[in-house]
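Breakdown of the fold
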Amino acid sequence: MTTQRSVFDAAELRAQFTDAGINTKFIASIWKYVLQNPGCEFEEIPDLPSSAYLLLRSKFKPLTSTVNSVFHSTDGVTTKLLIRLQNGAFVEAVIMTYDTRLGKYGGKPRLGGPRSTLCISSQVGCKMGCKFCATGTMGFKNNLKSGEIVEQLVHALRLTNIRNVVFMGMGEPLNNYTALVEAINVMTGSPFQLSPKRITVSTVGIIHAINKLHSDLPGLNLAVSLHAPVQEIRCQIMPSARAFPLEKLMTALQTYQKNSQQKIFIEYIMLDGMNDEEQHAHQLGKLLETFEVVVNLIPFNPIGSSSQFRTSSEQRVSEFQKVLRGTYNIRTTIRKQMGQDISGACGQLVVNLPDKRTRENTGLVTDIEDLRI
């Protein structure tokens, strides 16, 4: 028997409707009904042609994934969803609640209030093998279908209103390019209506994909996991960097910025003694001084006692930030650590049960997506 596809697999659903002579205008209302009615059956959706019910029932499911468990961090702002896919594999998605009023705009506090960002996975495991990242230790299992990517948003929307989506969960999004583009096109259309400006795709720097990203998905945010200012260090901590030399990556980013006219987010994990010294800050500043970027310094989250890296001291991170800001006038933020006790923090997503370590309540924090001005 053939596996039924998710109704959120847009290309598949459109193709099937077109082949059967069913108007594709019904698709948005099908999605809206499924979104608003957890556990519904296709028969309950009103006003579809009878042939649509037959086709939906035989070839699709309202959802192919289920929420296996939900973990709430003691920080009060992070929730991790463990999602079981149709093939029995698991992926993780993380909801982070931020307060826009903690951000500044023109020196004044922003308007608004608490709202949520969803961190989405694009693959089960990852091929990139970054040595500081727990997902990399899993190896690569499989790509997610576009419907499985969208379903993470569906599950999250049933818990809270989602304003931003970041593709910073498990996997390298640009290695699952077709499904990524299709999923984002669904998210920015009806009924989800997310603004492309509120979607960020993070990559280790898959050059051939970056080269076509702007024409396929104009208006979204690109974040690049740079993590080192020179090729040699980058290769030591990110084996995949050998395939994407820094010089060629920077050329691709220059072209991307010229075409998109948008800031690029640079992610830089702070590893004690490895990439966090003053000389590294100057090297990074020189590498980026011709770009419009926001650098996000990320304190390293230990991934178990076997980790070969240590977290940079707060003072070292602060000094690094001062060099980038003061000498190179590069906008530089330090990422707030969230969800470490449920292994929902940056670089910690690997399918296991969270430990019981607790952290003091850190309250609401400001978000990378609120840095846009």
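The name an unreviewed UniProt entry gives the protein chain is Radical SAM superfamily protein isoform 3, with Hibiscus syriacus as the organism. Word for word, the UniProt comment on the protein chain under Cofactor (unreviewed entry) is "[4Fe-4S] cluster". UniProt's Subcellular location (unreviewed entry) comment on the protein chain is quoted here verbatim: "Cytoplasm".

1. Overview of the state of the cysteines
Applying the stated rule across the entire model yields zero disulfides. We note that Cys133 lacks a disulfide partner, and the nearest cysteine sulfur, in Cys130, lies 6.2 Å from it. We classify Cys133 as buried; its relative accessible area is 18%.

2. Examining the pairing of strand 11 (residues 162-167)
Where a strand is regular, its side chains alternate between the two sheet faces. Of all six residues in strand 11, five are buried; the element is thus mostly enclosed. Looking at chain direction, strand 8 (residues 114-119) and strand 11 are connected through four bridges and run parallel. Among the inter-strand pairings, Ser116 is bridged to a residue of strand 11, identified as Ile162.

3. Notes on unusual backbone geometry
Here Ser190 and Pro191 are connected by a cis peptide whose omega angle stands at 5 degrees. You can see Pro191 is positioned in the loop between helix 6 (177-187) and strand 12 (199-203). The backbone of His227 sits at a positive phi, close to 65 degrees, despite the residue not being glycine.

4. A few points about the environment of Pro62
Tracing the chain through its elements places Pro62 in the loop between strand 2 (60-61) and strand 3 (66-72). For Pro62, a relative accessible area of 18% gives the class buried. Separated by 21 residues in sequence, Pro62 and Glu41 place their C-alpha atoms 7.1 Å apart. Ignoring sequence-local partners within four residues, the contact set of Pro62 consists of Val7, Phe8, Val34, Cys40, Phe42 and Glu151.

How each quantity is defined
Residues numbered from 1 in each chain as written. Predicted model: local features only at pLDDT ≥ 70, side-chain atom pairs only at ≥ 80, totals over all residues. Heavy atoms only, no water. UniProt positions renumbered as here; feature names shortened; annotations may be inferred. Disulfide = S-S within 2.5 Å. Buried < 20%, exposed > 50% of the residue type's maximum accessible area, 1.4 Å probe, protein only. Helix = DSSP H or I, 4+ residues; strand = E, 2+ residues; numbered from the N terminus. Pairing = 2+ DSSP bridges. Contact = heavy atoms within 4.5 Å.

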